[in-house]
Amino acid sequence: MTRAAVDPPPEARTEGPQLPTRADLDRATAATAATIADPACGPTDIYRAAEVEAAVLSAYWHVPGAEAELEAEP
């Protein structure tokens, strides 16, 4: 079988998922901090915000150079 018979045509290929940016991570962190600071938010709200932040951070680790960037911060 030839390679052309296996690969989809170029117009059928799609890009992979978009990785979060540092700005996305910063926004998720700020949202968690705001939720913690809001007296109207309970433990469930805080847990949800922290879970979103953790998911963004987990995906951010796949960005090339992310680890070095985060480690370079004070």
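That block above? That's the structure.
Owing to the predicted nature of the structure, the values given are computational and were not obtained by experimental measurement.

Each value, and the rule that gives it
Residues numbered from 1 in each chain as written. Predicted model: local features only at pLDDT ≥ 70, side-chain atom pairs only at ≥ 80, totals over all residues. Heavy atoms only, no water. Helix = DSSP H or I, 4+ residues; strand = E, 2+ residues; numbered from the N terminus. Buried < 20%, exposed > 50% of the residue type's maximum accessible area, 1.4 Å probe, protein only. Contact = heavy atoms within 4.5 Å. Areas by Shrake-Rupley, 256 points an atom, 1.4 Å probe, with all protein chains shown as cover. Axes fitted to C-alpha atoms, helices over the stretch in contact; angles between N-to-C directions. Parallel < 35°, antiparallel > 145°, perpendicular 65-115°, else oblique. Left-handed = near helix turned anticlockwise from the far one by under 90°. Nonpolar A, V, L, I, M, F, W, Y, C, P; charged D, E, K, R; others polar. Expected span 1.5 Å × (residues − 1). Arc of directions from axis to C-beta. Salt bridge = Lys/Arg side-chain N within 4 Å of Asp/Glu carboxyl O.

Draft legend 1. Structural view of the overall build of the chain. Within the chain, the secondary structure is distributed over 4 helices and 0 strands. When the elements of the chain are put in sequence order from the N terminus, they spell out α-α-α-α. Looking at the chain as a whole, 15% of its 74 residues are labelled buried. Contacts in the chain between residues far apart in sequence, at least 24 positions, make up 56% of those at least 6 positions apart. Carbon and sulfur atoms form 61% of the exposed surface of the chain, whose accessible area is close to 5,800 Å².

Draft legend 2. Structural view of the packing of helix α2 (residues 22-37) against helix α3 (residues 43-60). It is the contact of α2 with α3, at a shortest axis distance of 9 Å, that shows an interaxial angle of 165 degrees. Considering the angle they form, α2 stands roughly antiparallel to α3. In this structure, α2 meets α3 at a crossing whose hand is left-handed. Of the residues in α3, those in contact with Arg22, Asp24, Leu25, Ala28, Thr29, Ala31, Thr32, Thr35 and Ile36 of α2 are Asp45, Ile46, Ala49, Ala50, Glu53, Val56, Leu57 and Tyr60. Class assignment of the residues belonging to the contact of α2 with α3 gives a composition of 10 nonpolar, 3 polar and 4 charged.

Draft legend 3. Spatial organisation of α2. Compared with an ideal rise of 1.5 Å per residue, which puts 16 residues at 22 Å, α2 spans 22 Å between its outermost C-alpha atoms and is within 8% of the ideal. Burial in α2 covers these residues: Arg22, Leu25, Ala28, Thr32 and Thr35. Angular distribution of buried residues about the axis of α2 spans 155 degrees; they occupy a single face of the element. Summarising the geometry of α2, the exposed residues directed more than 90 degrees from the buried face are Arg27 and Ala37. Taken together, the buried residues of α2 touch α3 and α4 (66-71).

Draft legend 4. Layout of the pattern of salt bridges. In the structure shown here, the tally under the stated rule is 3 salt bridges. Asp26 is paired through a salt bridge with Arg22; the nearest N and O atoms lie 3.1 Å apart. With a gap of 4 residues between them, Asp26 and Arg22 both fall in helix α2, about one helical turn apart. Residue Arg22 is classed as buried on the basis of its relative accessible area, which comes to 19%. Here Arg22 makes a salt bridge to Glu69, at a shortest N to O gap of 3.0 Å. A residue pair is termed long-range when its members are at least 10 positions apart, and Arg22 in helix α2 and Glu69 in helix α4 qualify at 47 residues. Overlapping salt bridges, with partners in common, bring together Arg22, Asp26 and Glu69 in one network.

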